[in-house]
Amino acid sequence: MANNKSISKAYDPVAVEKKWYGWWEEQGFFRADPHSDKPHYSVVLPPPNVTGSLHMGHALNITLQDLIARWKRMQGYDVLWLPGTDHAGIATQNVVERRLAQEGKRRTDLGREQFEKVVWEWKEQAEGNILNQARRLGCSCDWSRQRFTLDEGLSRAVREVFVRLHEDGLVYRGEYLVNWCPRCTTAISDLEVEYQPAQGKLWHIRYPVEGGTDVLVVATTRPETMLGDTAVAVHPDDERYAQLVGGTVILPLMDRKIPIIADSFVDREFGTGVVKVTPGHDPNDFEVGRRHQLPIVKVIGEDGKMTQEAADFAGMDRSEAREKVVEALQDLELVEQIEEHLHNVGQCQRCETVVEPLVSKQWFVKAKPLAEVTVEAVKARRTVFVPENYERIYFEWMNNIHDWCISRQLWWGHRIPAWYCDDCREVTVAREAPSRCEHCQGEALTQETDVLDTWFSSALWPFSTMGWPDKTPELDRYYPTSTLVTGFDIIFFWVARMMMMGLRFMGDVPFHTVHINGLVRDEKGQKMSKSRGNVIDPLEIMDEYGTDAMRFTLTILAVPGTDIPFSISRMAGYRAFCNKIWNAGRFLLLNLDDETPASVQEIDTFREKNQLDLGERWILSRLQRVISETNINLEKFRFHEASNELYHFFWHEFCDWFVELAKRNLNGEDLEEKHRTCRVATYALDESLRLLHPFIPFITEELWQELPHSGDSLMLAQYPVDHPEWIDTEAEEQMDGFKELVTDIRTFRSENNIDPRKRIPAQLVCEKQQESFLESQCEQIKSLAHLSQVDLVPQFDSEGGRVPGVSRVADFVLILDDVIDVEADRQRLIQQISRTEENVQRLHKQLQNSEFVNKAPEQVVATARERQAEAVEQLGKLQEKLDGLPQS
RNA sequence: GCCCGGUUAGCUCAGCUGGUUAGAGCGCCUGGUUUACAUCCAGGAAGUCGGGGGUUCGAGUCCCUCACCGGGCACCA
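Definitions and cut-offs
- Residues numbered from 1 in each chain as written.
- Chains lettered and ligands numbered in written order.
- Predicted model: local features only at pLDDT ≥ 70, side-chain atom pairs only at ≥ 80, totals over all residues.
- Heavy atoms only, no water.
- Helix = DSSP H or I, 4+ residues; strand = E, 2+ residues; numbered from the N terminus.
- Rg over C-alpha atoms; globule rule 2.2 N^0.38 Å.
- Buried < 20%, exposed > 50% of the residue type's maximum accessible area, 1.4 Å probe, protein only.
- Contact = heavy atoms within 4.5 Å.
- Areas by Shrake-Rupley, 256 points an atom, 1.4 Å probe, with all protein chains shown as cover.
- Lys, Arg positive; Asp, Glu negative; His and termini not counted.
- Charge placed at Lys NZ, Arg CZ, Asp CG, Glu CD.
- Arc of directions from axis to C-beta.
- pLDDT = per-residue confidence, 0-100.
- Phe/Tyr/Trp six-rings, centres within 6.5 Å; stacked < 30°, edge-to-face > 60°.

### A look at the overall build of chain A
Thought 1: Scanning chain A from N- to C-terminus turns up 27 helices and 29 strands.
Thought 2: Relative to the globule expectation of 29 Å for 888 residues, the C-alpha radius of gyration of chain A, 37 Å, shows a markedly less compact shape.
Thought 3: C-alpha atoms of chain A, sized along the principal axes, occupy 120 × 65 × 55 Å.
Thought 4: Here chain A holds 888 residues, and the buried ones make up 55% of them.
Thought 5: Restricting to contacts in chain A with at least 6 residues of sequence separation, those with at least 24 account for 77%.
Thought 6: For chain A, the exposed surface amounts to about 39,500 Å²; the carbon and sulfur share of it is 45%.
Thought 7: Side chains of chain A give 101 positive and 142 negative charges; the mean places of these two sets differ by 2 Å.

### Brief notes about helix α10 (residues 390-399)
Thought 1: Along α10, the positions that sit buried rather than exposed are Tyr390, Glu391, Tyr394, Phe395, Trp397 and Met398. Viewed end-on, α10 has its buried residues packed into an arc of 170°, placing them on one side of the element. Turned more than 90 degrees away from the buried face of α10 sit Arg392 and Glu396, all of them exposed.
Thought 2: Buried residues in α10 make contact with α9 (368-379), β15 (384-386), α14 (491-505) and β23 (511-517).

### Describing the confidence of the model for chain A
Detail in the predicted coordinates should be disregarded across regions flagged by low pLDDT.
Thought 1: On average, residues of chain A score 90 in pLDDT, and 98% of them reach the 70 mark or higher.
Thought 2: For this predicted complex, the interface score ipTM comes out at 0.94, alongside a pTM of 0.93.

### Thoughts on the packing of aromatic side chains
Thought 1: Taken as a whole and assessed by the stated rule, the structure comprises 37 aromatic pairs.
Thought 2: Ring geometry for Tyr176 and Phe364: centres 5.3 Å apart, planes at 85°, overall edge-to-face. Here the residue Tyr176 occupies a position in strand β5 (residues 171-181), and Phe364 occupies one in strand β14 (residues 356-365), the gap between them amounting to 188 residues.
Thought 3: Look at Tyr176 and you get partly exposed, because its relative accessible area is 25%.
Thought 4: Judged by centre distance (6.0 Å) and plane angle (85°), the ring pair of Phe637 and Phe639 falls under edge-to-face. Each member of the pair Phe637 and Phe639 is classed as buried.

So, in structure tokens, the structure goes:
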């Protein structure tokens, strides 16, 4: 029967991929339904920053989430996958500032309001760009619920959380030493400081002791901060300096008298054992200063330049001041020694400027009380990390947590909901702009100009996006979310903070599972970076290889807990896989004799009536195992195993063997057989497409639509469930023997340089027990081994120098006109014998070992015995063949 | 300094709870227009699983140790 379906001969991924996304979205297939009676599964997309475009890291992250979402949806879940973007305060502000700089403008030229407007314009454009890229990836999230961290709803949640934390005493304002970026001119949190090794110097400087000729030599890496010294410190047990404690030194250049104090933070071994104390510009010194009530002198300002407190050095940049201070000290002969010194220098995560610790009035979140409960929650396994070892990292950080500086001196972000009274100067914190000061009732109020750390709003993402603080059906149903998929680099920035806020404000963890994905590197395992020039743009490779191939590559390489060495050549291999799928689909379409979808019942009927042939029984059996394995692997987030197995199954079992075997029936005269094989093929292909859909959604939808199907979309079809009763161990064993025999004949031909095009008659020598099985497979063996005729014979006849081949289920003789190279065959047999002998000896030894026989599980011993028997038999046969070879 | 991860074929990597003769892709070699597929097909070569020790009937897999390579955290001026 002719069919009217046809698909193009060549697989063109871009053409295929253009077709489906818009339709899926229009049809509303991505929508979650809070009123559904299905079980639910929820995921929030880690919101990409609106700083630019998507990179390979996003491609990986989105692919894995999409895989989960599609799989769960096909399993019958009501899936909420909630998308959105992050305003990314400092990062976005920097991007826009850089663009302004190209026009020779600064943000201060525009003013706050105008600048914010420009950033919003940028945001609109960047967001559109990013989300279209996500669509290109096949991202099946519910766009009707798209959020942005600066949305009105989310901003309300931010204010609510801030106010409540303030009410509970967990948000406070105070003057502390913070990390300051002089370029971004804002405070940043400890996490935003990145330490880089730098070759510096250690200057040994003499501080004259007051009232005598003694000097104390201090060692410092930052001589410019000496201008702000308010003490020198030694270790309380350091006998060298014990008598000086309580005295004073004269601070050079400033002629200020500062005390000599004792504090155990001093390391006696380092430098001279004397430390200059600059509470205004060093975290340790700040702590020492508090313990000893030392004054704070701020010598470096927020612009990175020396302040008026720096006297003669005022106005200099801090690096210039360093040189000048050293010069001045040298002039006074107060520099005793200069050592080379390798140390770590803190830089701003966003602009790599050296961070300046300085004292500043900022807002903080008291972290400890928030952190403790999250540790308990993870210990109780309410949230599970995959892979589990990230738990340790998480605990370590949570247990050593410091207060979180949340105010930023930026213009782009959530303005802190605090108002200062112009009269009494007190602060009023409120959800909405208050009309009066809560302290003096004054009406002249000015809002705090600082904004919040961008991670403050992302910390609320799992619930702020669902409508919190209102009670909504979404929160009710989808919180806690099922799974979070994110990178290890933001465990502290984001995951930890979501845990804190979720438990605090929702009373429950924000997600049950955190799946950590690795970094996408280049194929040599190097980090992708502009300077290395090894950055791969996902859009470019999707154009060239297709989204499906890229997704499959990412998935198969995504071993949990490891980075991903992304390889173009590997992706080319997976594009070839897609092509293989395409052609398998095409082949079946060319042979289709029935337009109805193949059902389980239909196949089961064939099965029950014993109508299926070996290949059919085998592929159905294998399919069940693959279905089961795939589901188990996905359950465990073992995406790489799942995709690997599907790849192997589809190509090297379904295509290489089943389809090859099926050709005989499909091309044959027996219509009943043809029909049955066609039905089994349709069924197996349909199931394969379903299995593969979450990995490679486009090509599978395209083919599924062409094949007989019921339902609108493969997206909505049921994900395969295995039928254990279809597992057919006998068929699997027989098929193994069959495959070995065919492969052995092929190898024999190849090794003997027999023209692959030539069809040759062959004899199979087999035992009685294999006879009927082999008889039934003669035609298939003939076709797959490229033989002209296959005869079963009881015994090998060496007449005419015919060299026998040996296989597990049968020996074979190819009947050739030409005499083949007997010597080569002798060598081959000798090699085969030696290999088999080794095998026999190994097994023999193992079985002689009474400990093995007694202690190993029965099953293991039994298989060892079987294998030994087989090997011995094989060895005999091989030896016989060798002896039978004509002498040369 | 503390903590994690890695070291398996020429390259990049799999190998879950210890149990056949350790796998994949790419690359390499030999040969192929068998009418789905040259983005293909058939066959092949190639690994003392980083070194050493231990536990076990049995170790790539568990433990200890050493070496090297990554990464994270902390940071002493």
